[in-house]
Amino acid sequence: MSWLEALQRTAFAGLELPPDLRARIELLRERAGAADGLTLTCGGRSMEPVIRLGQAVRVRTGRPRRGAVAAFVNRRGSIELHRLVLATPVLDWW
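Here's a quick rundown of the structure. Throughout, residues of each chain are indexed from 1 in the direction in which the sequence is written. Only residues with pLDDT of at least 70 get local features here, since the model is predicted, and only at 80 or more are side-chain atom pairs given and counted; chain-wide, interface and lining totals rely on the full set of residues. Side-chain descriptors were evaluated using all non-hydrogen atoms of the structure, hydrogens and water having been removed beforehand.

1. Observations concerning the nonpolar core
- Throughout this description, the term nonpolar core refers to a set of buried Ala, Val, Leu, Ile, Met, Phe, Trp, Tyr and Cys residues connected via side-chain atoms within 4.5 Å. A 1.4 Å probe rolled over the protein chains alone gives each residue an accessible area, and that area as a share of the maximum for its type sets the label: buried under 20%, exposed over 50%, partly exposed in between. Judged by nonpolar contacts, Leu 28, Ala 32, Leu 38, Leu 40, Cys 42, Met 47, Ile 51, Val 57, Val 59 and Leu 81 together constitute the single largest core of 10 residues.
- Discounting residues that sit within four places of it in the chain, Leu 28 has contacts with Leu 38, Val 73 and Ile 79. Any two residues whose heavy atoms approach within 4.5 Å are treated as being in contact.

2. Describing helix H2 (residues 19–32)
- Under the DSSP-based scheme used, a helix requires at least four consecutive residues in state H or I and a strand at least two consecutive residues in state E, with every element numbered from the N terminus. How far a helix is expected to stretch is found by multiplying one less than its residue total by 1.5 Å. The end-to-end C-alpha separation of H2 is 20 Å, in line with the 20 Å expected for 14 residues at 1.5 Å each.
- Every buried residue of H2 is listed here: Leu 21, Ile 25, Leu 28 and Ala 32. Along H2, the residues classed as buried sweep out an arc of 65° about the axis, all on the same side. Seen from the open side of H2, the exposed residues pointing more than 90 degrees away from its buried face are Pro 19, Asp 20 and Glu 30. The arc in question is the one spanned by the directions pointing from the helix axis to the C-beta atoms.

3. A few points about the environment of Leu 81
- By secondary structure assignment, the location of Leu 81 is in strand S4 (residues 79–83).
- Looking at Leu 81, the relative accessible area reads 14%, which means it is buried.
- As for Leu 81 and Met 47, which are separated by 34 residues in sequence, their C-alpha atoms are 8.0 Å apart.
- Those residues within four positions of Leu 81 in sequence are excluded, and the remaining contacts are Leu 40, Cys 42, Met 47, Val 57, Val 69, Ala 70 and Ala 71.

Listed below in structure tokens is the structure:
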């Protein structure tokens, strides 16, 4: 195990995802990787004025970059949209 893997494992210890949540994440990744991507509906106002409440958002797989909007699955299994603003390249984490 590399020092980076050891650091990530330590930093995220105790955050093992349940099997059903891992399966949901994998399904969403698969759909986002399809030619048409995955369409989500924005359910909050935190992204306004760029993305408005109720607006359809197309999610596709790709390299993350600063300023992009990314979809995340939280520990409750809900999908959240966030703007990527800060990268930590050493940890490969946004």
